[in-house]
Amino acid sequence: MASALRLLGVLLVCAGSPVPAQSAPQEALLRVAGQRIALGLDPRSGDLASLTVDGREMLAERSPWYRAQLTDPGSRASRWADAKSAESIRVEEVKGGARITYTDSANRLKVIVNLETAAGEIAARLTVRSPADRILEAVQFPVLRLKARPGSESESVRLFMPGGDGYVVTHGGLRGNTWNGRAYPGHASMQFMALYDARGGLSLQCRDARAEPKDLQSVYEADPDLLEMRLTHKRPFETGRGFESPAVALLPCGSHWTSAATDYKAWARKQWWARPKKGEARPPAWLDSHLVILHGSLRPLGNGKHPVPLDRWPEVIRSLKQATGAEGVILDVREWEHKGIYTSPYYFPLYPSPEAVRNWLSAAEAEGARAMAMVSGLQWMIERKEFRTPSYVVTAFDGKALFEAQGRQVCVVNRDGEVQVDAPYFNWDGSKAKICPATLFARLHFRDTAAKLAEAGFRIFEFDQMNGGDCPPCYSPSHGHPIGPGIWIREQIARRIAEAREEGRGRLPEFATSLEDPCEVYLPHLDTYVGRAAHTTEWPANGEGSEVVPAFSFVYGPLARPLALDVPLTVYPDPYQLVLTARAAMSGAVPCTSLGWYSILSKYGPNDLLPSPEKLDPAQRQLLANLMRARSGSLREYIAQGEMLAAPPVDLKPASIAFRRWERDRNVDRRITHPEVLANGWEKPGGERAYLFVNIASEPRAFRYPVVVRGGARLAVNGGTPRNVPPGEGVEVSMPALSAAVLLIPKP
Ligand SMILES: [Zn+2]
């Protein structure tokens, strides 16, 4: 993932930064005004010279509307053209807005920008007529050179980016990591960004029902403290093809990401990918039962000892159910591949043997457990070196000959005409190529894998390591698809997911699909997705000064169910595990644990490795158990049927939490400022609401929660007997240490 982000950075260099040659005084600007948002156009250069929201200027400097990348199909050399090379620019007022026409004879370009005000927002559209002998490879539009601090203070500044679940970045985060960019569809799950502070701000939302490939980018420049927010539309690699952009809405937003997300949701939920799921399309009912996820592995630790021999899984499952009150367990047990974890694409026969796996899953099922298989998506592993510690082992893998014989011809070819081979991301990883999703190989591979997994008894097929359905554009002329970027990529991936689902369901009616990190366009075929809203600064966020937020579930819940995965829990005290557990719950995700799998060896020694709730750190065990008790009632129904509310935060001073975290290959001491009591809410179609509170402090906490309650509201702590809540403004909530509470409010 990190390497993909670095690649994106190259574009920055190509784009340069424009300096308008001529400019008009502020009073001479042509104004295009919506209710709260207004644009001022320079009548000579066409540049955007002013962008105000509620009268506040958002622009740091004049912004060019577009930059176009023109490529010679022979040499594949590119140059970028923008309005500076246009010899004629016409800016005119038209009914409901304005039009800017650029004639650029040197580059043989004709570009038209149309601006139209409608319903409180301004819609911008771009048309490019390009030369018949050039490839219009990419178009940046719109380009907004915004003040990185819309007001005088920086404390409340946030950038929202739609990476995975979604994340926000502080002003300090922008300065620390200047590049925020995500490719859609894929690492960007949705098509909107926002920049705001305590007074609100601006949201840029692409209304692209065709979901064409584009990068959503916000790039910080320290001098003069500027954020360039832009879309880079990635065009098919076809000579002479012009471009008509989808509408891009510029609109005001409030002082929280949920404000921009609410406006996006109003559009997004009407699109083809967000249709309500009926009949066969519905996620299987068992996903809404009272579940907890258990991580583990089928292979032994690096010391050769196995924490859970195959025949002992039933007792581990029973102990977890007993400690949490769960009805069922989702087993995320890795290393089922014949040659070791992630050794794609030849996974079979299953490890340790097909018969052993069938028996293991059938015994697990008798205890109410269903297994998920993490399938390495489009990866084709070529080679991997062994990596071994006493508690961890990654098997060596040599697939070079097989790759040359079968892989090379079906894998993604990059723009230079080479099969793209990526270096190992980290020690569990190997060198690998990506299977082109349009090939016959891909079609047979996913069907076959789904069939074999379902026959063995796996219930969830998770498309892993293709986050949000990410796949680089393939330039192969022999795979039978268009060359380069295009909607063909997402269409092919969607078919592969749909086929895997169909194949699995033909054998097991409860079979379900999942994807590592969500993306809106795959919703019709996904029953679940791996959500990472538990994370703070980790992926899909952008490091220090950024934080994941559950924006995808806010916009799209309950169309697919988020599964939490990266909250292992340990046998040692670790306040960050409490943070992660509470945050995952706030996104509505199914809770998870590894019962301390990788930390047991160092505390309990090689002869007492069986993971159990008793071995977990007591605080982590208590929080998980109380959270599960809170979810045991009707809360799950609200999450499964309802939509997430923009719930107010709990008004308590955040805590400074010190913790030690494993990052790549070492423990790092970290400190975060984080609320101790988290809150979120869901509303069912009838208007009934449920709020979930989680207290991660080791002390009781009491607060007044600012919601209006009429008669009949009830509050239950840790799944206990509910108490009636008196009507009025605000609810008094008292929570014991490490507890979870649910407030149910009947419909108004
Ligand atoms: Zn291809």
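Everything numeric here is computed off the predicted structure, so don't read it as measured data.

Caption draft 1: The packing of aromatic side chains, seen in detail. The tally for this structure, following the rule as stated, stands at 31 aromatic pairs. Here Y392 and Y598 contribute two aromatic rings whose centre-to-centre distance is 5.9 Å and whose plane-to-plane angle is 75°, an arrangement assigned as edge-to-face. You can see Y392 sitting in strand β26 (residues 392-394) and its partner Y598 sitting in the loop between β35 (592-593) and α11 (600-604), a full 206 residues away along the chain. If you follow K615 out to its NZ or CZ, it ends over the ring of Y604, 5.3 Å from the centre. The positively charged end of K684 is found above the aromatic ring belonging to Y638, 4.6 Å away from the centroid.

Caption draft 2: Looking closely at helix α4 (residues 313-324). For α4, which comprises 12 residues, the first-to-last C-alpha distance of 17 Å matches the rise-based estimate of 16 Å (1.5 Å per residue) to within 8%. Every buried residue of α4 is accounted for by W313, P314, V316, I317, S319, L320 and T324. Looking at the buried positions of α4, the neighbouring elements they touch are β21 (291-297), β22 (328-334), α5 (354-366), β23 (369-375), β35 and α12 (618-631).

Caption draft 3: A look at unusual backbone geometry. Across the junction of F141 and P142, the peptide omega takes the value -15°, indicating a cis bond. Positioned with a positive phi, D225 is a non-glycine residue whose angle comes to about 55°. Among the structural elements, D225 can be located in the loop between β17 (214-221) and β18 (226-234). Looking at D225, the relative accessible area reads 12%, which means it is buried. One non-glycine residue, D517, lies in positive phi territory at about 70°. With respect to the helices and strands, the residue D517 is situated in the loop between β31 (512-515) and β32 (528-531). The exposure class of D517 is buried, given its relative accessible area of 2%.

Caption draft 4: Seen up close, the nonpolar core. Residues L41, L51, W65, L331, F458, Y556 and L692 are the most contacted members of the largest nonpolar core, which totals 209 residues. The biggest single contributor to this core is helix α10 (residues 575-586), with eight residues. The residues touching L41, leaving out its near neighbours within four places in the chain, are L29, L30, V32, G46, D47, L48, W65, V91, A98, I100 and L115. Grouped together as the second largest cluster of nonpolar side chains are 20 residues, A647, V650, F703 and M735 included.

Caption draft 5: A look at the coordination of the zinc ion. In this structure, C436 (SG), C474 (SG), H479 (ND1) and H481 (NE2) serve as the protein donors to the zinc ion, at separations of 2.0 to 2.3 Å. For the zinc ion, the four donor atoms are set out with angles of 102 to 121° between them, so the coordination reads as tetrahedral. Along the chain, the residues donating to the zinc ion fall in the pattern C-x37-C-x4-H-x1-H. Here H479 lies in the loop between β30 (458-463) and α8 (487-507) and C436 lies in the loop between β29 (431-434) and α7 (440-456), a separation of 43 residues in the sequence. The class for C436 is buried, based on a relative accessible area of 0%.

Caption draft 6: Examining the environment of A249 more closely. Positionally, A249 belongs in strand β20 (residues 247-253). Residue classification places A249 among the buried positions, given a relative accessible area of 1%. Measuring from C-alpha to C-alpha, the distance between A249 and L204 comes to 5.8 Å, with 45 residues separating the pair along the chain. The contact partners of A249, leaving out residues within four places of it in the chain, are E121, I122, A123, S203, L204, Q205 and R207.

Caption draft 7: Just the pattern of salt bridges, in detail. All chains considered together, the criterion is met by 60 salt bridges. In this structure, D42 and R62 form a salt bridge, with 2.5 Å as the shortest nitrogen-oxygen distance. In this pair, D42 is assigned in the loop between β2 (37-41) and β3 (48-53) and R62 in the loop between β4 (56-57) and β5 (67-71), connecting sequence segments 20 residues apart. Relative accessible area serves as the criterion here: at 0%, D42 is assigned to the buried category. Of the charged contacts, one joins E663 and R670 as a salt bridge, the two residues approaching to 2.8 Å between their closest N and O atoms. Through salt bridges with shared partners, one network takes in E61, R67, R145, E221, E228 and R230.

Rules and cut-offs
Residues numbered from 1 in each chain as written. Predicted model: local features only at pLDDT ≥ 70, side-chain atom pairs only at ≥ 80, totals over all residues. Heavy atoms only, no water. Phe/Tyr/Trp six-rings, centres within 6.5 Å; stacked < 30°, edge-to-face > 60°. Helix = DSSP H or I, 4+ residues; strand = E, 2+ residues; numbered from the N terminus. Lys NZ or Arg CZ within 6 Å of the ring centre and 35° of its normal. Expected span 1.5 Å × (residues − 1). Buried < 20%, exposed > 50% of the residue type's maximum accessible area, 1.4 Å probe, protein only. Contact = heavy atoms within 4.5 Å. Core = buried A, V, L, I, M, F, W, Y, C linked by side-chain atoms within 4.5 Å. Donors = N, O, S within 2.8 Å, 3.2 Å for Na, K, Ca; no water. Tetrahedral: all angles 85-135°; square planar, octahedral: opposite > 155°, others 65-115°. Salt bridge = Lys/Arg side-chain N within 4 Å of Asp/Glu carboxyl O.

In short, the description is geometric, and any link to function would need to be established separately.
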